[in-house]
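A structural walkthrough
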Amino acid sequence: PEQLLTYAASHAHRIDAGEETTREALALVGAAGLADVGAAPKHHGSLLQQATVIEQFAEKSLSIAFSLWCHRMCIEYLSFLGGPCAQEWLPKFRAGEAVGSSAMAPAFRYAAGLGDLGLHISRDASGQLRLSGRLGWASNLFSDAIIFAAAKLTPDQADTVESATPVIVAVPLASEGIEIGPELELLALRGTASTSVQLHNVPLSDEQIMTRDFDAFLQRARPVLSVLQASFCFGLASESFRHAQPRLVGVNQVFETEVHQLADRLVKAKQDFIDILPRIDSENPPVPSELLPIRLEAGVLAKQLTTLETMLSGSQGFVTTSDVNRRYREATFIPLQAPSEAQLRWELMQGNNAS
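Residues numbered from 1 in each chain as written. Predicted model: local features only at pLDDT ≥ 70, side-chain atom pairs only at ≥ 80, totals over all residues. Heavy atoms only, no water.

Topic: unusual backbone geometry
Note the cis peptide between Ala338 and Pro339, where omega equals -10°. On the secondary structure map, Pro339 appears in the loop between helix H10 (323–331) and helix H11 (341–354). With a phi close to 50°, Ala193 is a non-glycine residue in the positive phi region. One can find Ala193 in the loop between strand E6 (178–180) and strand E7 (195–204). Residue classification places Ala193 among the partly exposed positions, given a relative accessible area of 21%. A positive phi angle, near 50°, is found at Asn201, a position not held by glycine. With respect to the element layout, Asn201 can be found in strand E7. (Helix = DSSP H or I, 4+ residues; strand = E, 2+ residues; numbered from the N terminus. Buried < 20%, exposed > 50% of the residue type's maximum accessible area, 1.4 Å probe, protein only.)

In structure tokens:
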């Protein structure tokens, strides 16, 4: 709806600066029925519609698009995992009455052999499961948020030592023993409620262990995660191109070839994106070597086009309250967004070496 895009555009700077948060935007998106388009268990090709929603928000405010992506992934997890927690939380998530925080970066790094999970589950003397550890980064840390993360069961909690594998847990942010880190002076996206989280013996029910099949969970979640991340990169890149093109006059004409070469790459990347989306959850699902290059290219294009738009904008690009400067600062986050550009390049290199 046009009013939602108008809202995003008019609130973008205040959200980016941390003077407002994205919580109200998530409530509005949920109320409009746009937070769970094409959610699992079967997407039936409608993931393109959800990607379009996120892309359009990214054109106006990457903060809102990013928070929506984070929230939408939690809807995805609950939709295909099911269980008592899903029955309780899914209606609230879909309506924007509660918020999802997808803190899965350590899980994907762990799966790639690049780090530890940072969280572990033990059982106290009374038999109560306890979750402890630290998440270095999580977003959508609002008072009504549910955090989804990976944790390691200690050996005595597994059926055997060999089965002490990672599990996926969901825990309300309001739980006893959770400490939210300090507000960070971020370069952009300050309204996304992003910081660290410390967990001290947080009580956990058996139902909050969402799945013990860690590998299968990541294989199911990552394609959706990748394409919806790519969608907010495309939104930012497309908006910067639209503003850069009219500025290719006078001395700026020296950048014309470069801008149009990037535009051609953007068109191709979007077409590859559109072509691959229907294959998710099909009998011929895309493999990482097909998905990751699209996600990587979308991020690179966002970074390069926002940089060029800033160069073409002259002194306006140096004013922090301008849209062009905001887009430039937003784009600096994308190479760090997990999986980071470094991890994506590393994974693709490993795949090429293996082949």
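Overview of the packing of helix H3 (residues 47–60) against helix H4 (residues 62–81)
It is the contact of H3 with H4, at a shortest axis distance of 6 Å, that shows an interaxial angle of 150°. Between H3 and H4, the angle falls in the class roughly antiparallel. Between H3, through Leu47, Gln50, Val53, Ile54, Phe57, Ala58 and Lys60, and H4, the contact on the second element is made entirely by Leu62, Ile64, Ala65, Leu68, Trp69 and Arg72. (Axes fitted to C-alpha atoms, helices over the stretch in contact; angles between N-to-C directions. Parallel < 35°, antiparallel > 145°, perpendicular 65-115°, else oblique. Contact = heavy atoms within 4.5 Å.)

Considering the packing of aromatic side chains
What characterises a pair of aromatic rings is the spacing of the ring centres plus the angle enclosed by the ring planes. Evaluated as defined, the whole model comprises 12 aromatic pairs. On the basis of an interplanar angle of 85° and a centroid distance of 5.9 Å, the ring pair of Tyr110 and Phe214 is categorised as edge-to-face. Here the residue Tyr110 occupies a position in helix H6 (residues 105–111), and Phe214 occupies one in helix H7 (residues 214–244), the gap between them amounting to 104 residues. Look at Tyr110 and you get partly exposed, because its relative accessible area is 26%. Taken together, the ring pairs in this structure connect Tyr77, Phe80, Trp89, Phe93, Phe148 and Phe217 into an aromatic cluster. (Phe/Tyr/Trp six-rings, centres within 6.5 Å; stacked < 30°, edge-to-face > 60°.)

Some words on the pattern of salt bridges
Per the stated rule, a full pass over the model turns up 23 salt bridges. Between Glu19 and Arg14 there is a salt bridge whose closest N-O contact spans 3.2 Å. For Arg14, a relative accessible area of 40% translates into the label partly exposed. The partner of Glu59 in a salt bridge is Arg242, and the shortest N-O contact between them spans 2.9 Å. (Salt bridge = Lys/Arg side-chain N within 4 Å of Asp/Glu carboxyl O.)

A short note on the side chain of Gln208
In this fold, Gln208 is placed in the loop between E7 and strand E8 (209–211). Residue classification places Gln208 among the buried residues on the basis of a relative accessible area of 12%. A polar side-chain atom of Gln208 sits 2.8 Å from the main-chain carbonyl oxygen of Ala170. Not counting residues within four places of it along the chain, the set of residues in contact with Gln208 comprises Cys85, Ile168, Val169, Ala170, Val171, Pro172 and Pro203. (Polar contact = N/O pair within 3.5 Å; in protein donor to acceptor, adjacent residues only side chain to side chain.)

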